[in-house]
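So you can see what is in the structure, the chains are spelled out below.
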Amino acid sequence: MTVMVEERLMVCDAHVHLWSIVSPFHQWPDAETPTIHRDFGRVEFAALSPPLTKAILVQAQPDCRETDWLLEIAVHEKRIAGVVGWAALDAADAPAVIANLAVRPKLVGLRPMLQDMHDSCWILRPELDAGINAMMTHGLRFDALVRPRHLPAILKLARRWPDMPIVIDHAGKPDFSREGFCRWRDDMSALAEMSNVSCKLSGLLTELPAGGVPSLMESHIRHVLDVFIDRVMWGSDWPVLLLSGWSYDEWLSYAITVIRKISARQLDSIFYESSTKFYGR
């Protein structure tokens, strides 16, 4: 599919992954997801077409060795503006680990992988405070990989740490049922009232129910644009995106078309300015 964009539009992709399945720290994707169970590295990233101007690389493994690997790649890739890494925030040595990571030139944030944690309020445990405080000390952003059940805890986190920039990955992975939409809508509205919270329009395609049509996403996109306004950023979630059967260019083209229809004046903010401001790159 040809990407239909305005010539002047620049794109900062706020959510890209890379991985090597033979690396000692690789856990997912595994052989049960054959579509993406292969290497996605510098060669594959370089093939992503314009108007992609720059990207934020986000961790996929809960392992500091992966963060080191991503940071090394970022040094050699001009279009990678920053890396969101991983650290065990509840570890006793978290402040020291974070301090060592923070000196790396392209580290911009950390992402604990909350989405599959049984305890929806894990992030609020007091043993994480030292790690979070270290993030604040070193000017790092917090990427919140969550499901709708985690959103109330993220609101409490945002209130507890009002100076910490937080972004909700994948729009909180909404439930596309009617009842689920209402709960998600209210929780996202409450989060949007916090000036330190932003939202990524990413990962929605892979959250659609089996047989779900893309138009199901439009009410969610509209709500995010309405409440977060200039704190919305677009992300591809590539190559996880490929599980949906869509290509990078197809998702980008669709997102531009839908956002132009809902609020054309927000295009530049969503596709470039918001992520640049949030990550400082």
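The structure displayed is predicted, hence computed values, not measured ones. (Residues numbered from 1 in each chain as written. Predicted model: local features only at pLDDT ≥ 70, side-chain atom pairs only at ≥ 80, totals over all residues. Heavy atoms only, no water.)

Draft legend 1. The arrangement of unusual backbone geometry in detail. Residue P29 is bonded to the preceding W28 through a cis peptide linkage, with omega at 5°. Along the chain, P29 falls in the loop between β1 (11-16) and α1 (42-46). W238 connects to P239 through a cis peptide bond whose omega is 0°. Positionally, P239 belongs in the loop between β8 (232-234) and α8 (248-263). Despite not being glycine, A171 has its phi angle at roughly 50°, a positive value. Mapped onto the elements, A171 comes out in the loop between β6 (166-168) and α6 (178-192). Since its relative accessible area comes to 1%, A171 is described here as buried. Non-glycine residue D237 carries a positive phi angle of around 55°. For D237, the position within the fold is in the loop between β8 and α8. (Helix = DSSP H or I, 4+ residues; strand = E, 2+ residues; numbered from the N terminus. Buried < 20%, exposed > 50% of the residue type's maximum accessible area, 1.4 Å probe, protein only.)

Draft legend 2. View of the side chain of H17. The topology assignment puts H17 in the loop between β1 and α1. According to the relative accessible area criterion, H17 is buried, its value standing at 4%. One polar contact links H17 to H15, side chain to side chain, over a distance of 3.4 Å. Dropping the residues within four chain positions of it, H17 is found in contact with L57, V58, Q59, A60, R111, D237, W238, P239 and V240. (Polar contact = N/O pair within 3.5 Å; in protein donor to acceptor, adjacent residues only side chain to side chain. Contact = heavy atoms within 4.5 Å.)

Draft legend 3. Summary view of the packing of aromatic side chains. Taken as a whole and assessed by the stated rule, the structure comprises 11 aromatic pairs. Geometrically, the ring pair formed by W234 and Y248 is edge-to-face, given 5.9 Å between the ring centres and 90° between the ring planes. Taken together, the positions of W234 in strand β8 and Y248 in helix α8 put the pair 14 residues apart, joining distant regions of the chain. Here W234 falls in the buried class, since its relative accessible area comes to 0%. Under the relative-accessibility criterion, Y248 is labelled buried at 5%. A ring pair is formed by F278 and Y279, whose centres lie 4.8 Å apart and whose planes are at 90°; its orientation type is edge-to-face. (Phe/Tyr/Trp six-rings, centres within 6.5 Å; stacked < 30°, edge-to-face > 60°.)

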